[in-house]
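One letter stands for each residue in the lines below.
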Amino acid sequence: MRILLTFLALISVLHAEKKVFSISSLIGENSAIAAGRPFTVALKLEHPDGWHSYYRNSGGVELPPKIAWNLPQGASAGQIQWPTPEVKEGYNGKSYIYRGSPVFLVEITPPASLSVGDVFTLGATANWQICDTSCINESAKFSLDLLVSAEASLDPARTELFQIARSRIPEQLLEPSEFHVEPGKDASDTILIEVPKS
């Protein structure tokens with residue numbers, strides 16, 4: 001009986017060691033915010049080795065990160081600003097993934113009715129999926145308190161994190177591209193694509 005219990009305990013330990021999960025955090029760029037002035041927060045995911053999450057267009061059925069916000073009345077949250085993903089070749093084609101510690105930025109706009117000295121509290125529930133040879137759905141809840149001041153101020157300890165995160169977001173075209181289709185020569189078609197200069 002003692003041998004059996006020892007064996008079951010060993011199986012339990014081995015099973016626990018195989019459990020993987022991401023470390024997640026919601027980080028504010030500001031040490032203080034100002035009424036009506038947008039500020040940025042970051043969802044940082046630290047994935048276990050060998051695992052990855054997904055871009056908004058995963059390339060398959062995998063689930064990208066999503067954030068449900070719980071904000072004070074009059075506040076609003078922008079869309080996730082997606083960093084450039086890595087292209088991964090798989091059995092079913094290409095997928096677009098994030099390894100390591102991706103950071104997803106979101107702009108928050110507080111109401112103009114806030115007063116100096118108020119505490120602006122934002123809540124968020126994030127859901128995402130990580131995959132290796134199998135996939136795991138993960139989620140986390142966050143709460144962030146920010147002091148309202150006459151002038152917004154950035155937290156210098158977080159400057160590098162946000163600078164790197166912004167550098168990984170592809171630039172958006174300032175105006176739409178123009179597409180012209182012209183008849184081709186020798187029974188072929190020529191497509192001319194004009195992209196506006198930055």
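In this text, all values refer to a predicted model and were calculated from it rather than measured experimentally.

1. Overview of the overall build of the chain
Along the chain, the regular secondary structure elements total two helices and 14 strands. Scored against the burial criterion, the 198 residues of the chain give a buried share of 31%. Here the contacts in the chain between residues at least 6 apart in sequence split such that 70% fall between residues at least 24 apart. For the chain, the exposed surface amounts to about 13300 Å²; the carbon and sulfur share of it is 53%.

2. Observations regarding the sheet that holds strand 3 (residues 39-46)
The strand order across the open sheet formed by four strands is 1-3-9-6, and the pairing between neighbours is antiparallel. Each edge of the sheet is formed by a strand with only one pairing partner; in this case those strands are strand 1 (23-28) and strand 6 (76-77). Bridge count for strand 6 against strand 9 (residues 103-109) is two bridges, and the pairing is antiparallel. In the strand pairing of strand 9, Ala-77 is matched with Ile-108. In the packing of helix 2 (residues 159-167) onto the sheet, the strands contacted are strand 1, strand 3 and strand 9, and the crossing angle to strand 9 comes to about 105°.

3. Describing the side chain of Glu-138
Here Glu-138 lies in strand 11 (residues 135-148). Within the structure, Glu-138 has its side chain in polar contact with the side chain of Ser-22 (distance 2.7 Å). Of the polar contacts made by the side chain of Glu-138, one reaches the side chain of Trp-128; its length is 2.6 Å. Dropping the residues within four chain positions of it, Glu-138 is found in contact with Val-20, Phe-21, Ser-22, Ala-126, Asn-127, Trp-128 and Ile-130.

4. Let's talk about the environment of Pro-64
In this structure, Pro-64 sits in the loop between strand 4 (52-54) and strand 5 (66-70). According to the relative accessible area criterion, Pro-64 is buried, its value standing at 15%. In this structure, the C-alpha to C-alpha distance between Pro-64 and Trp-128, residues 64 residues apart in sequence, is 5.6 Å. Those residues in contact with Pro-64, other than ones at most four positions away along the chain, are Tyr-54, Tyr-55, Arg-56, Trp-82, Asn-127 and Trp-128.

5. Brief notes about the pairing of strand 3
Moving residue by residue along a regular strand, the side chains alternate between the two faces of the sheet. Where burial is concerned, most of strand 3 is hidden: six out of the eight residues are buried. Pairing of strand 1 with strand 3 involves six bridges; the strand directions are antiparallel. Residue pairing for strand 3: Ile-23 is matched across the bridge by Glu-46. With six bridges connecting them, strand 3 and strand 9 associate as antiparallel partners. Bridge pairing links Val-41 to Val-106 in strand 9.

6. Some details on the side chain of Gln-129
Its place among the elements puts Gln-129 in strand 10 (residues 119-131). A distance of 3.1 Å separates the side chain of Gln-129 from the backbone nitrogen of Leu-63, its partner in a polar contact. Within the structure, the side chain of Gln-129 is placed 2.9 Å from the side chain of Asn-137, a separation counted as a polar contact. For Gln-129, the contacting residues outside a window of four places in its chain are His-52, Ser-53, Tyr-54, Glu-62, Leu-63, Cys-135, Ile-136 and Asn-137.

7. Quick look at the pattern of salt bridges
Per the stated rule, a full pass over the model turns up five salt bridges. The residue Glu-151 makes a salt bridge to Arg-37 at a minimum N-O spacing of 3.7 Å. With Glu-151 in the loop between strand 11 and strand 12 (153-154) and Arg-37 in the loop between strand 2 (30-33) and strand 3, the pair connects residues that are 114 residues apart, well separated along the chain. Its relative accessible area of 45% is what places Arg-37 among the partly exposed residues. We note a salt bridge from Arg-99 to Glu-86, for which the minimum N-O separation is 3.0 Å. With Arg-99 in strand 8 (residues 93-99) and Glu-86 in strand 7 (residues 86-90), this residue pair connects regions lying 13 residues apart in the sequence. Here Glu-86 falls in the partly exposed class, since its relative accessible area comes to 33%.

Rules and cut-offs
- Residues numbered from 1 in each chain as written.
- Predicted model: local features only at pLDDT ≥ 70, side-chain atom pairs only at ≥ 80, totals over all residues.
- Heavy atoms only, no water.
- Helix = DSSP H or I, 4+ residues; strand = E, 2+ residues; numbered from the N terminus.
- Buried < 20%, exposed > 50% of the residue type's maximum accessible area, 1.4 Å probe, protein only.
- Contact = heavy atoms within 4.5 Å.
- Areas by Shrake-Rupley, 256 points an atom, 1.4 Å probe, with all protein chains shown as cover.
- Pairing = 2+ DSSP bridges.
- Axes fitted to C-alpha atoms, helices over the stretch in contact; angles between N-to-C directions.
- Polar contact = N/O pair within 3.5 Å; in protein donor to acceptor, adjacent residues only side chain to side chain.
- Salt bridge = Lys/Arg side-chain N within 4 Å of Asp/Glu carboxyl O.

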